[in-house]
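# Fold and geometry: a report
Take a look at the letters that make up each chain.
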Amino acid sequence: MLERVAEMVTDVMESNGLEVDDFISVIFTATSDLVSEFPAYAARRLGFGDVPLICARELEIAGSMPRVVRMMAHIETDLPRADITHVYLHGAAALRRDLTRVRAVPDDDSHE
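Calculation rules
- Residues numbered from 1 in each chain as written.
- Predicted model: local features only at pLDDT ≥ 70, side-chain atom pairs only at ≥ 80, totals over all residues.
- Heavy atoms only, no water.
- Helix = DSSP H or I, 4+ residues; strand = E, 2+ residues; numbered from the N terminus.
- Expected span 1.5 Å × (residues − 1).
- Buried < 20%, exposed > 50% of the residue type's maximum accessible area, 1.4 Å probe, protein only.
- Pairing = 2+ DSSP bridges.
- Axes fitted to C-alpha atoms, helices over the stretch in contact; angles between N-to-C directions.
- Contact = heavy atoms within 4.5 Å.
- Phe/Tyr/Trp six-rings, centres within 6.5 Å; stacked < 30°, edge-to-face > 60°.
- Core = buried A, V, L, I, M, F, W, Y, C linked by side-chain atoms within 4.5 Å.
- Salt bridge = Lys/Arg side-chain N within 4 Å of Asp/Glu carboxyl O.

## Focus on helix α1 (residues 2-16)
- In this model, α1 (15 residues) spans 21 Å end to end at C-alpha, consistent with the 21 Å of a helix rising 1.5 Å per residue.
- Regarding α1, the residues found buried are V5, A6, M8, V9, D11, V12, M13 and N16.
- In the stretch just after α1, G17 is the one whose phi turns positive, near 65°.

## Considerations on the sheet that holds strand β1 (residues 23-30)
- Pairing within the open sheet is mixed, and its 3 strands lie in the order β2-β1-β3. Since the sheet does not close on itself, it has two edges, and those belong to β2 (53-57) and β3 (69-75), each with one partner. On average, each strand axis in the sheet is tilted by 20° relative to the strand beside it, whichever way the strands run.
- Strand direction decides the pairing type here: β1 and β3, joined by 7 bridges, are antiparallel. Looking at the pairing, S25 lines up with H74 of β3.
- Along the sheet, α1 makes contact with β1 and β3, crossing β3 at roughly 35°.

## Section: the packing of aromatic side chains
- According to the stated counting rule, one finds 1 aromatic pair in the structure shown.
- Relative to F48, the ring of F23 lies with its centre 5.0 Å away and its plane at 70°, an arrangement referred to as edge-to-face. You can see F23 sitting in strand β1 and its partner F48 sitting in the loop between α2 (39-45) and β2, a full 25 residues away along the chain. Of the two residues, F23 and F48, neither departs from the other in class, the shared state being buried.

## Overview of the nonpolar core
- In terms of nonpolar packing, the biggest core is built from 22 residues, with F23, F28, F48, L53 and M71 touching the most fellow members.
- Among the elements that make up this core, the one with the highest residue count is α1 (5 residues).
- Residue contacts for F23: discarding those within four places in its chain leaves M13, L18, F48, V51, M71, A73, H74 and I75.

## So, the pairing of β2
- Alignment of β1 against β2, held across 5 bridges, turns out to be parallel. Residue pairing across strands places V26 opposite L53, the latter belonging to β2.

## Describing unusual backbone geometry
- Non-glycine residue R67 carries a positive phi angle of around 55°.
- Relative to the assigned elements, R67 resides in the loop between β2 and β3.
- On the accessibility criterion, R67 (62% relative accessible area) is exposed.

## A look at the side chain of S25
- Structurally, S25 is set in strand β1.
- Excluding its chain neighbours within four sequence positions, the residues that come into contact with S25 are V51, P52, M72, A73 and H74.

## Side note on the pattern of salt bridges
- Scanning the model with the defined rule gives 2 salt bridges in all.
- Across the pair E7 and R4 runs a salt bridge whose closest N-O atoms are separated by 4.0 Å. Taken together, the residues E7 and R4, both in helix α1 and 3 residues apart, mark about one turn of the helix.
- The class for E7 is partly exposed, based on a relative accessible area of 27%.

Have a look at this one:
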């Protein structure tokens, strides 16, 4: 959990040219099958100690994708909303096929 959430946060930052100081707050959600750690703890370990973070549960909808952590970040940036790159890792890009600026990272054999 900590490695994958850190990967997500870092990838969001790199894809959008962000630093920790650009974050106002972050909401993490996780599906109910993920219970090993708080996703926010991974962000704290990356230096988000002064950023308000909260964790919540995803809705349990029949047929929804399992083992998913999502992140909604409130940030300060000069980028127009249309230029924000949304990051979906390890198969999660299927959650938002409607977005045009997506950086999708597929699973590799070492994480299965």
